[in-house]
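# Secondary and tertiary structure notes
Here is how the chains run, residue by residue.
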Protein chains: 2
Amino acid sequence: MNRTTVESYLPFWNKITETEKEILHTAEKRSYPKGSVISYGEENCIGLLVVISGRLRVSTVAEEGREISLLRLLERDICLFSATCIFRSIQSDLIVTAEEDTQVWHIPVSAYKKVMEQSAVVANYTTELMASYFSDMVWLMDQVINKKLDSRLAAFLLEESELEGQEQIEMTQEQIAHYLGSAREVVSRMLKYFQQEGMVRSERGCIRLLDQERLRETARESLR
Amino acid sequence: MNRTTVESYLPFWNKITETEKEILHTAEKRSYPKGSVISYGEENCIGLLVVISGRLRVSTVAEEGREISLLRLLERDICLFSATCIFRSIQSDLIVTAEEDTQVWHIPVSAYKKVMEQSAVVANYTTELMASYFSDMVWLMDQVINKKLDSRLAAFLLEESELEGQEQIEMTQEQIAHYLGSAREVVSRMLKYFQQEGMVRSERGCIRLLDQERLRETARESLR
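I will try to describe carefully the structure that is included in this document. All values reported here derive from a predicted model rather than from experimental measurement.

## Quick word on the packing of helix H5 (residues 173-180) of chain A against helix H6 (residues 184-196) of chain A
All names here are of chain A. With their axes 8 Å apart at the nearest point, H5 and H6 run at an angle of 110 degrees to one another. Here H5 is positioned roughly perpendicular relative to H6, judged by the angle of their axes. When H5 is examined against H6, the residues Gln 173, Glu 174, Ile 176 and Ala 177 are found in contact with a partner set consisting of Arg 184, Val 187, Ser 188 and Leu 191. Its residues placed into classes, the contact of H5 with H6 shows 4 nonpolar, 2 polar and 2 charged.

This is how it looks when you write it as C-alpha coordinates:
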(Lines give C-alpha, C1' and ligand atoms only; values in the text may rest on other atoms or scores of the structure.)
Protein backbone atom coordinates (compact mmCIF):
# COMPACT_ATOMS: atom_id res chain seq x y z
CA MET A 1 0.00 0.00 0.00
CA ASN A 2 2.63 2.48 1.11
CA ARG A 3 4.75 1.51 -1.85
CA THR A 4 2.37 2.89 -4.37
CA THR A 5 1.97 6.31 -2.89
CA VAL A 6 5.04 7.79 -1.18
CA GLU A 7 6.65 7.88 -4.61
CA SER A 8 4.35 10.55 -5.91
CA TYR A 9 5.41 12.87 -3.08
CA LEU A 10 9.09 12.71 -3.94
CA PRO A 11 9.80 14.59 -7.16
CA PHE A 12 13.13 12.87 -7.65
CA TRP A 13 11.65 9.37 -7.61
CA ASN A 14 12.30 8.57 -11.24
CA LYS A 15 15.90 9.62 -11.01
CA ILE A 16 17.05 7.37 -8.21
CA THR A 17 18.24 3.77 -8.27
CA GLU A 18 16.20 0.72 -7.31
CA THR A 19 18.28 0.30 -4.16
CA GLU A 20 17.61 3.89 -3.16
CA LYS A 21 13.90 3.38 -3.81
CA GLU A 22 13.95 0.36 -1.54
CA ILE A 23 15.53 2.39 1.24
CA LEU A 24 12.94 5.17 0.95
CA HIS A 25 10.15 2.62 0.95
CA THR A 26 10.66 2.42 4.69
CA ALA A 27 8.53 5.57 4.79
CA GLU A 28 5.34 5.20 6.80
CA LYS A 29 2.15 7.15 7.11
CA ARG A 30 1.64 8.90 10.42
CA SER A 31 -1.10 11.08 11.80
CA TYR A 32 -0.79 13.88 14.29
CA PRO A 33 -3.76 15.52 15.96
CA LYS A 34 -4.08 19.28 15.85
CA GLY A 35 -1.84 20.99 18.37
CA SER A 36 0.61 18.18 18.91
CA VAL A 37 4.31 18.92 19.10
CA ILE A 38 5.92 16.58 16.62
CA SER A 39 9.55 17.40 17.03
CA TYR A 40 11.54 19.62 19.34
CA GLY A 41 15.17 20.58 18.70
CA GLU A 42 18.05 18.27 18.08
CA GLU A 43 17.08 15.83 20.76
CA ASN A 44 14.00 14.92 18.89
CA CYS A 45 15.22 14.20 15.42
CA ILE A 46 12.46 11.94 14.23
CA GLY A 47 12.79 12.08 10.47
CA LEU A 48 11.60 13.90 7.38
CA LEU A 49 7.93 14.55 7.06
CA VAL A 50 6.09 14.95 3.79
CA VAL A 51 2.73 16.57 4.32
CA ILE A 52 -0.16 14.57 2.88
CA SER A 53 -2.86 16.75 4.42
CA GLY A 54 -3.11 19.32 7.18
CA ARG A 55 -0.53 21.92 8.17
CA LEU A 56 2.75 22.01 10.03
CA ARG A 57 4.28 24.99 11.75
CA VAL A 58 8.01 25.41 12.25
CA SER A 59 8.93 27.75 15.06
CA THR A 60 11.79 28.62 17.32
CA VAL A 61 11.86 29.62 20.95
CA ALA A 62 13.11 33.12 21.58
CA GLU A 63 15.34 33.78 24.54
CA GLU A 64 12.48 35.00 26.59
CA GLY A 65 10.53 31.83 25.95
CA ARG A 66 8.15 33.15 23.34
CA GLU A 67 7.68 31.10 20.18
CA ILE A 68 8.38 32.70 16.83
CA SER A 69 6.72 31.19 13.79
CA LEU A 70 9.19 30.72 10.98
CA LEU A 71 7.52 28.63 8.33
CA ARG A 72 4.31 26.87 7.54
CA LEU A 73 4.27 23.65 5.57
CA LEU A 74 1.27 22.60 3.55
CA GLU A 75 0.34 19.66 1.38
CA ARG A 76 3.32 18.13 -0.45
CA ASP A 77 5.81 20.30 1.41
CA ILE A 78 8.74 18.48 2.88
CA CYS A 79 9.73 19.20 6.45
CA LEU A 80 13.46 18.93 7.08
CA PHE A 81 13.16 20.53 10.48
CA SER A 82 12.08 17.37 12.20
CA ALA A 83 15.36 15.88 10.97
CA THR A 84 17.86 18.58 11.80
CA CYS A 85 20.38 16.07 13.11
CA ILE A 86 21.14 15.40 9.43
CA PHE A 87 22.62 18.88 9.27
CA ARG A 88 25.59 19.75 11.42
CA SER A 89 24.88 23.44 11.12
CA ILE A 90 21.36 23.75 12.41
CA GLN A 91 21.73 24.51 16.06
CA SER A 92 18.53 26.34 16.68
CA ASP A 93 15.86 24.77 18.75
CA LEU A 94 13.32 24.33 16.05
CA ILE A 95 9.90 23.08 16.96
CA VAL A 96 7.53 21.36 14.57
CA THR A 97 3.87 21.42 15.51
CA ALA A 98 0.74 20.18 13.80
CA GLU A 99 -1.46 23.22 13.36
CA GLU A 100 -4.31 21.08 12.11
CA ASP A 101 -4.96 17.37 12.12
CA THR A 102 -2.10 16.38 9.89
CA GLN A 103 -1.17 13.28 7.97
CA VAL A 104 2.37 12.82 6.75
CA TRP A 105 4.77 10.42 5.18
CA HIS A 106 7.45 9.84 7.73
CA ILE A 107 10.88 9.04 6.29
CA PRO A 108 13.37 7.82 8.89
CA VAL A 109 16.50 9.94 9.30
CA SER A 110 18.83 7.03 8.60
CA ALA A 111 17.03 6.19 5.36
CA TYR A 112 17.04 9.71 3.98
CA LYS A 113 20.60 10.35 5.07
CA LYS A 114 21.82 7.19 3.39
CA VAL A 115 20.13 8.05 0.10
CA MET A 116 21.21 11.68 0.24
CA GLU A 117 24.82 10.74 0.82
CA GLN A 118 25.02 8.57 -2.25
CA SER A 119 22.62 10.26 -4.63
CA ALA A 120 23.59 13.61 -6.14
CA VAL A 121 20.00 13.96 -7.32
CA VAL A 122 18.57 13.69 -3.82
CA ALA A 123 21.30 15.87 -2.36
CA ASN A 124 20.63 18.57 -4.95
CA TYR A 125 16.94 18.32 -4.27
CA THR A 126 17.63 18.83 -0.58
CA THR A 127 19.86 21.83 -1.27
CA GLU A 128 17.06 23.34 -3.29
CA LEU A 129 14.61 22.74 -0.44
CA MET A 130 16.96 24.36 2.01
CA ALA A 131 17.45 27.27 -0.38
CA SER A 132 13.71 27.78 -0.56
CA TYR A 133 13.46 27.81 3.22
CA PHE A 134 16.32 30.29 3.35
CA SER A 135 14.48 32.43 0.86
CA ASP A 136 11.30 32.28 2.96
CA MET A 137 13.29 33.44 5.95
CA VAL A 138 14.66 36.42 4.06
CA TRP A 139 11.14 37.38 3.12
CA LEU A 140 9.92 36.95 6.67
CA MET A 141 12.76 39.05 8.00
CA ASP A 142 11.78 41.76 5.60
CA GLN A 143 8.20 41.63 6.85
CA VAL A 144 9.22 41.65 10.48
CA ILE A 145 11.59 44.56 10.05
CA ASN A 146 9.14 46.59 8.03
CA LYS A 147 6.35 45.76 10.37
CA LYS A 148 8.20 47.71 12.97
CA LEU A 149 6.94 50.72 11.15
CA ASP A 150 3.37 50.08 12.27
CA SER A 151 4.23 50.30 15.94
CA ARG A 152 6.57 53.23 15.40
CA LEU A 153 3.92 55.08 13.48
CA ALA A 154 1.24 54.32 16.07
CA ALA A 155 3.49 55.49 18.89
CA PHE A 156 4.35 58.66 17.00
CA LEU A 157 0.71 59.51 16.38
CA LEU A 158 -0.17 58.99 20.03
CA GLU A 159 2.72 61.09 21.26
CA GLU A 160 1.96 63.94 18.91
CA SER A 161 -1.68 63.86 19.87
CA GLU A 162 -0.78 64.03 23.54
CA LEU A 163 1.73 66.83 23.00
CA GLU A 164 -0.78 68.89 21.08
CA GLY A 165 -3.64 68.00 23.37
CA GLN A 166 -5.92 67.14 20.49
CA GLU A 167 -7.08 64.12 18.59
CA GLN A 168 -5.84 65.27 15.26
CA ILE A 169 -2.33 65.63 14.03
CA GLU A 170 -1.73 68.44 11.64
CA MET A 171 1.15 67.09 9.65
CA THR A 172 1.56 65.90 6.13
CA GLN A 173 2.54 62.33 5.36
CA GLU A 174 5.81 63.72 4.07
CA GLN A 175 6.56 65.29 7.45
CA ILE A 176 5.66 62.15 9.36
CA ALA A 177 7.84 60.08 7.09
CA HIS A 178 10.67 62.48 7.76
CA TYR A 179 10.26 62.11 11.53
CA LEU A 180 10.22 58.34 11.26
CA GLY A 181 13.14 58.17 8.87
CA SER A 182 10.95 56.47 6.32
CA ALA A 183 9.60 57.20 2.87
CA ARG A 184 6.31 58.98 2.21
CA GLU A 185 4.97 56.07 0.15
CA VAL A 186 5.54 53.68 3.01
CA VAL A 187 3.93 55.89 5.63
CA SER A 188 1.09 56.57 3.25
CA ARG A 189 0.40 52.88 2.78
CA MET A 190 0.60 52.20 6.49
CA LEU A 191 -1.83 55.03 7.21
CA LYS A 192 -4.17 53.58 4.63
CA TYR A 193 -3.96 50.31 6.52
CA PHE A 194 -4.64 52.08 9.83
CA GLN A 195 -7.62 53.73 8.20
CA GLN A 196 -8.97 50.41 6.92
CA GLU A 197 -8.67 49.13 10.46
CA GLY A 198 -10.63 52.09 11.77
CA MET A 199 -7.75 53.46 13.82
CA VAL A 200 -7.34 56.79 12.06
CA ARG A 201 -8.89 58.87 9.33
CA SER A 202 -6.71 60.76 6.93
CA GLU A 203 -8.04 64.17 6.18
CA ARG A 204 -6.60 67.00 4.18
CA GLY A 205 -3.31 67.96 5.84
CA CYS A 206 -4.13 66.10 9.03
CA ILE A 207 -4.70 62.69 10.59
CA ARG A 208 -7.51 62.13 13.02
CA LEU A 209 -7.12 59.43 15.68
CA LEU A 210 -10.28 57.33 15.95
CA ASP A 211 -9.28 54.39 18.11
CA GLN A 212 -6.56 55.23 20.60
CA GLU A 213 -6.77 51.88 22.30
CA ARG A 214 -5.99 49.99 19.11
CA LEU A 215 -3.19 52.43 18.39
CA ARG A 216 -1.76 51.89 21.83
CA GLU A 217 -1.89 48.15 21.28
CA THR A 218 -0.16 48.50 17.95
CA ALA A 219 2.52 50.71 19.51
CA ARG A 220 3.17 48.13 22.21
CA GLU A 221 2.81 44.93 20.30
CA SER A 222 5.88 43.00 19.39
CA LEU A 223 6.71 42.62 15.78
CA ARG A 224 5.02 39.62 14.37
CA MET B 1 49.68 28.98 -9.33
CA ASN B 2 45.93 28.95 -8.84
CA ARG B 3 45.96 25.18 -9.02
CA THR B 4 47.85 24.76 -5.83
CA THR B 5 45.71 26.94 -3.65
CA VAL B 6 41.97 26.92 -4.41
CA GLU B 7 41.97 23.31 -3.29
CA SER B 8 42.68 24.16 0.32
CA TYR B 9 39.55 26.32 0.42
CA LEU B 10 37.22 23.53 -0.64
CA PRO B 11 36.84 20.98 2.16
CA PHE B 12 35.50 18.34 -0.20
CA TRP B 13 38.54 18.44 -2.47
CA ASN B 14 39.86 15.00 -1.61
CA LYS B 15 36.50 13.39 -2.19
CA ILE B 16 35.89 14.47 -5.76
CA THR B 17 37.07 12.96 -9.04
CA GLU B 18 39.92 14.21 -11.18
CA THR B 19 37.46 15.44 -13.80
CA GLU B 20 35.58 17.41 -11.16
CA LYS B 21 38.83 18.87 -9.90
CA GLU B 22 39.66 19.97 -13.42
CA ILE B 23 36.33 21.75 -13.70
CA LEU B 24 36.79 23.59 -10.41
CA HIS B 25 40.29 24.62 -11.42
CA THR B 26 38.64 27.24 -13.57
CA ALA B 27 38.41 29.23 -10.32
CA GLU B 28 40.23 32.52 -10.43
CA LYS B 29 41.40 35.01 -7.86
CA ARG B 30 39.57 38.30 -7.87
CA SER B 31 39.87 41.43 -5.82
CA TYR B 32 37.16 43.85 -4.89
CA PRO B 33 37.84 47.22 -3.31
CA LYS B 34 36.03 48.15 -0.12
CA GLY B 35 32.48 49.29 -0.76
CA SER B 36 32.02 47.70 -4.16
CA VAL B 37 28.77 45.94 -4.97
CA ILE B 38 29.80 42.53 -6.25
CA SER B 39 26.49 41.00 -7.09
CA TYR B 40 22.93 42.20 -7.12
CA GLY B 41 19.94 39.85 -7.35
CA GLU B 42 19.31 37.24 -9.98
CA GLU B 43 20.40 39.41 -12.84
CA ASN B 44 23.89 39.42 -11.57
CA CYS B 45 24.69 35.81 -10.96
CA ILE B 46 28.44 35.93 -11.18
CA GLY B 47 29.51 32.78 -9.40
CA LEU B 48 30.51 31.41 -6.04
CA LEU B 49 33.01 33.35 -4.02
CA VAL B 50 35.34 31.87 -1.47
CA VAL B 51 36.74 34.55 0.78
CA ILE B 52 40.53 34.59 0.93
CA SER B 53 40.75 37.83 2.90
CA GLY B 54 38.48 40.74 3.72
CA ARG B 55 34.77 40.66 4.40
CA LEU B 56 31.58 40.29 2.38
CA ARG B 57 28.15 41.45 3.40
CA VAL B 58 24.97 39.81 2.16
CA SER B 59 21.94 42.05 2.38
CA THR B 60 18.47 42.45 0.98
CA VAL B 61 16.53 45.55 0.15
CA ALA B 62 13.50 46.10 2.33
CA GLU B 63 10.32 47.42 0.86
CA GLU B 64 11.11 50.90 1.97
CA GLY B 65 14.43 50.85 0.20
CA ARG B 66 16.56 50.32 3.25
CA GLU B 67 19.16 47.57 3.17
CA ILE B 68 18.97 44.81 5.75
CA SER B 69 22.19 42.99 6.57
CA LEU B 70 21.63 39.26 6.62
CA LEU B 71 25.01 37.65 6.77
CA ARG B 72 28.66 38.45 6.89
CA LEU B 73 31.22 36.21 5.27
CA LEU B 74 34.75 36.09 6.51
CA GLU B 75 37.90 34.24 5.54
CA ARG B 76 37.20 30.77 4.13
CA ASP B 77 33.45 31.32 4.08
CA ILE B 78 31.76 30.44 0.83
CA CYS B 79 29.30 32.87 -0.66
CA LEU B 80 26.45 31.19 -2.53
CA PHE B 81 24.52 34.44 -2.78
CA SER B 82 26.44 35.72 -5.73
CA ALA B 83 25.30 32.56 -7.54
CA THR B 84 21.64 32.40 -6.67
CA CYS B 85 20.68 31.47 -10.22
CA ILE B 86 21.86 27.98 -9.29
CA PHE B 87 18.87 27.77 -6.96
CA ARG B 88 15.40 28.01 -8.41
CA SER B 89 13.96 28.98 -5.05
CA ILE B 90 15.92 32.05 -4.11
CA GLN B 91 13.88 34.93 -5.38
CA SER B 92 14.99 37.61 -3.01
CA ASP B 93 17.08 40.45 -4.29
CA LEU B 94 20.20 39.62 -2.43
CA ILE B 95 23.11 41.99 -2.62
CA VAL B 96 26.71 41.04 -2.01
CA THR B 97 29.05 43.87 -1.11
CA ALA B 98 32.72 44.00 -0.18
CA GLU B 99 32.83 45.60 3.25
CA GLU B 100 36.59 45.73 3.17
CA ASP B 101 39.13 45.27 0.44
CA THR B 102 38.38 41.67 -0.30
CA GLN B 103 40.13 38.92 -2.19
CA VAL B 104 38.22 35.85 -3.25
CA TRP B 105 38.37 32.72 -5.29
CA HIS B 106 35.74 33.11 -7.95
CA ILE B 107 34.17 29.85 -9.13
CA PRO B 108 32.05 30.25 -12.27
CA VAL B 109 28.39 29.29 -11.91
CA SER B 110 28.55 26.78 -14.74
CA ALA B 111 31.57 25.02 -13.21
CA TYR B 112 30.08 24.69 -9.74
CA LYS B 113 26.69 23.68 -11.04
CA LYS B 114 28.19 20.98 -13.20
CA VAL B 115 30.16 19.50 -10.33
CA MET B 116 27.27 19.79 -7.89
CA GLU B 117 24.92 18.00 -10.24
CA GLN B 118 27.13 14.99 -10.58
CA SER B 119 28.81 14.83 -7.19
CA ALA B 120 26.76 13.83 -4.15
CA VAL B 121 29.66 14.98 -1.99
CA VAL B 122 29.60 18.52 -3.36
CA ALA B 123 25.80 18.65 -3.32
CA ASN B 124 25.73 17.53 0.31
CA TYR B 125 28.38 20.07 1.17
CA THR B 126 26.23 22.75 -0.46
CA THR B 127 23.15 21.61 1.45
CA GLU B 128 25.11 21.88 4.65
CA LEU B 129 26.24 25.40 3.72
CA MET B 130 22.68 26.40 2.97
CA ALA B 131 21.56 24.85 6.27
CA SER B 132 24.14 26.91 8.13
CA TYR B 133 22.91 30.09 6.44
CA PHE B 134 19.35 29.11 7.30
CA SER B 135 20.41 28.62 10.89
CA ASP B 136 22.08 32.05 10.95
CA MET B 137 18.87 33.57 9.68
CA VAL B 138 16.85 31.93 12.43
CA TRP B 139 19.28 33.33 14.94
CA LEU B 140 19.15 36.79 13.41
CA MET B 141 15.36 36.71 13.32
CA ASP B 142 15.34 35.86 16.98
CA GLN B 143 17.63 38.81 17.69
CA VAL B 144 15.60 41.20 15.58
CA ILE B 145 12.36 40.18 17.20
CA ASN B 146 13.71 40.23 20.69
CA LYS B 147 15.90 43.20 19.83
CA LYS B 148 17.18 43.36 23.30
CA LEU B 149 20.33 41.42 23.89
CA ASP B 150 22.32 43.26 21.25
CA SER B 151 21.53 46.67 22.66
CA ARG B 152 21.84 45.44 26.23
CA LEU B 153 25.23 43.91 25.48
CA ALA B 154 26.44 47.02 23.65
CA ALA B 155 25.28 49.24 26.51
CA PHE B 156 26.95 46.96 29.03
CA LEU B 157 30.27 46.99 27.21
CA LEU B 158 30.23 50.78 26.93
CA GLU B 159 29.37 51.23 30.59
CA GLU B 160 32.05 48.85 31.74
CA SER B 161 34.60 50.52 29.53
CA GLU B 162 33.70 53.90 30.94
CA LEU B 163 33.75 52.64 34.50
CA GLU B 164 37.18 51.13 34.07
CA GLY B 165 38.46 54.02 32.00
CA GLN B 166 39.88 51.73 29.37
CA GLU B 167 38.90 50.34 26.00
CA GLN B 168 39.08 46.75 27.03
CA ILE B 169 36.80 44.81 29.31
CA GLU B 170 38.47 42.16 31.35
CA MET B 171 35.62 39.75 31.82
CA THR B 172 34.87 36.31 30.54
CA GLN B 173 31.84 35.65 28.37
CA GLU B 174 30.48 33.64 31.28
CA GLN B 175 30.64 36.67 33.56
CA ILE B 176 29.05 38.96 31.01
CA ALA B 177 26.25 36.46 30.43
CA HIS B 178 25.70 36.35 34.17
CA TYR B 179 25.39 40.14 34.35
CA LEU B 180 22.94 40.20 31.47
CA GLY B 181 20.90 37.29 32.75
CA SER B 182 21.63 35.37 29.59
CA ALA B 183 23.46 32.20 28.61
CA ARG B 184 27.14 32.09 27.74
CA GLU B 185 26.41 30.58 24.31
CA VAL B 186 24.08 33.44 23.49
CA VAL B 187 26.51 36.14 24.58
CA SER B 188 29.29 34.32 22.79
CA ARG B 189 27.39 34.29 19.54
CA MET B 190 26.44 37.92 19.87
CA LEU B 191 30.06 38.88 20.52
CA LYS B 192 31.02 36.94 17.42
CA TYR B 193 28.47 38.99 15.52
CA PHE B 194 29.83 42.22 17.01
CA GLN B 195 33.29 41.10 15.98
CA GLN B 196 32.19 40.39 12.42
CA GLU B 197 30.74 43.88 12.41
CA GLY B 198 34.07 45.30 13.49
CA MET B 199 32.71 46.66 16.75
CA VAL B 200 34.81 44.59 19.16
CA ARG B 201 37.62 42.11 19.17
CA SER B 202 37.52 39.15 21.50
CA GLU B 203 40.86 38.44 23.04
CA ARG B 204 41.87 36.01 25.67
CA GLY B 205 39.90 36.88 28.80
CA CYS B 206 38.95 40.29 27.53
CA ILE B 207 36.96 42.17 24.93
CA ARG B 208 38.42 45.17 23.18
CA LEU B 209 36.06 47.88 21.95
CA LEU B 210 36.97 48.92 18.43
CA ASP B 211 34.08 51.07 17.32
CA GLN B 212 32.43 52.89 20.17
CA GLU B 213 30.20 54.88 17.88
CA ARG B 214 28.66 51.76 16.36
CA LEU B 215 28.28 50.29 19.84
CA ARG B 216 26.52 53.43 20.99
CA GLU B 217 24.22 53.21 18.00
CA THR B 218 23.51 49.57 18.78
CA ALA B 219 22.84 50.37 22.41
CA ARG B 220 20.31 52.94 21.30
CA GLU B 221 18.66 51.14 18.47
CA SER B 222 18.90 47.47 17.90
CA LEU B 223 20.04 45.01 15.33
CA ARG B 224 18.59 45.09 11.94
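Here the narrative resumes.
## Some remarks on the environment of B:Thr60
Residues and elements named next belong to chain B. If you trace the backbone, Thr 60 turns up in strand E4 (residues 56-61). Residue classification places Thr 60 among the buried residues on the basis of a relative accessible area of 4%. Each C-alpha atom of the pair Thr 60 and Tyr 40 lies 9.3 Å from the other, and the pair is 20 residues apart in sequence.

## Considering the state of the cysteines
Residue and element names in this part refer to chain B. On inspection of all chains with the given rule, the structure shows 2 disulfides over all chains. Disulfide pairing places Cys 45 opposite Cys 85 at an S-S distance of 1.8 Å. Taking the sign of the torsion about the S-S bond as the criterion, the disulfide between Cys 45 and Cys 85, at about -75 degrees, is left-handed. Taken together, the residues span a long stretch of sequence, with Cys 45 in the loop between strand E2 (37-40) and strand E3 (48-53) and Cys 85 in the loop between strand E6 (78-79) and strand E7 (94-98) at a distance of 40 residues.

## Topic: the nonpolar core
In summary, soluble globular proteins display a tendency toward joint burial of nonpolar side chains. Among the nonpolar cores identified, the biggest contains 129 residues, and A:Phe81, A:Tyr112, A:Phe134, B:Tyr112, B:Phe134, B:Leu157 and B:Phe194 are the most heavily contacted of them. Sorting elements by how many residues they give to this core places helix H4 (residues 120-146) of chain B first, with 13 residues. Sequence-distant contacts of B:Phe194, defined by excluding residues within four places in its chain, comprise B:Asp150, B:Leu153, B:Ala154, B:Leu157, B:Met199, B:Val200, B:Leu215 and B:Thr218. Membership of the second largest hydrophobic core comes to 21 residues, among which are A:Val186, A:Met190, A:Met199 and A:Leu209.

## Points about the sheet that holds strand E4 (residues 56-61) of chain A
Residue and element names in this part refer to chain A. The sheet built from 4 strands is open, its strands ordered E2-E7-E4-E5 with antiparallel pairing. Across the chains shown, the open sheet's two edge strands, defined by having one partner strand only, are strand E2 (37-40) and strand E5 (67-73). Averaged over all pairs of adjacent strands, the angle between their axes in this sheet comes to 25 degrees, without regard to strand direction.

## Side note on the pairing of strand E10 (residues 200-203) of chain B
Residue and element names in this part refer to chain B. Looking at chain direction, E10 and strand E11 (residues 206-209) are connected through 4 bridges and run antiparallel. Directly across from Ser 202, in E11, lies its bridge partner Ile 207. Between E10 and E11, which pair antiparallel one after the other, the connecting turn spans 2 residues, and Gly 205 there sits at a positive phi close to 70 degrees.

## As for helix H3 (residues 109-118) of chain A
Along H3(A), the residues classified as buried are A:Val109, A:Ala111, A:Tyr112, A:Val115 and A:Met116. Seen along its axis, H3(A) keeps its buried residues to an arc of 165 degrees; they face one direction.

## Structural notes on the pattern of salt bridges
Residues and elements named next belong to chain B. Tallied over the full model, the rule gives 18 salt bridges over all chains. The shortest N-O distance in the salt bridge between Glu 99 and Arg 55 comes to 2.6 Å. Of this pair, Glu 99 sits in the loop between E7 and strand E8 (102-107) while Arg 55 sits in the loop between E3 and E4, and the two are 44 residues apart along the sequence. As far as burial versus exposure is concerned, Glu 99 and Arg 55 are alike and both buried. Residue Arg 72 pairs with Glu 197 through a salt bridge whose shortest N-O separation is 1.9 Å.

About the thresholds
- Residues numbered from 1 in each chain as written.
- Chains lettered and ligands numbered in written order.
- Predicted model: local features only at pLDDT ≥ 70, side-chain atom pairs only at ≥ 80, totals over all residues.
- Heavy atoms only, no water.
- Axes fitted to C-alpha atoms, helices over the stretch in contact; angles between N-to-C directions.
- Helix = DSSP H or I, 4+ residues; strand = E, 2+ residues; numbered from the N terminus.
- Parallel < 35°, antiparallel > 145°, perpendicular 65-115°, else oblique.
- Contact = heavy atoms within 4.5 Å.
- Nonpolar A, V, L, I, M, F, W, Y, C, P; charged D, E, K, R; others polar.
- Buried < 20%, exposed > 50% of the residue type's maximum accessible area, 1.4 Å probe, protein only.
- Disulfide = S-S within 2.5 Å.
- Core = buried A, V, L, I, M, F, W, Y, C linked by side-chain atoms within 4.5 Å.
- Pairing = 2+ DSSP bridges.
- Arc of directions from axis to C-beta.
- Salt bridge = Lys/Arg side-chain N within 4 Å of Asp/Glu carboxyl O.

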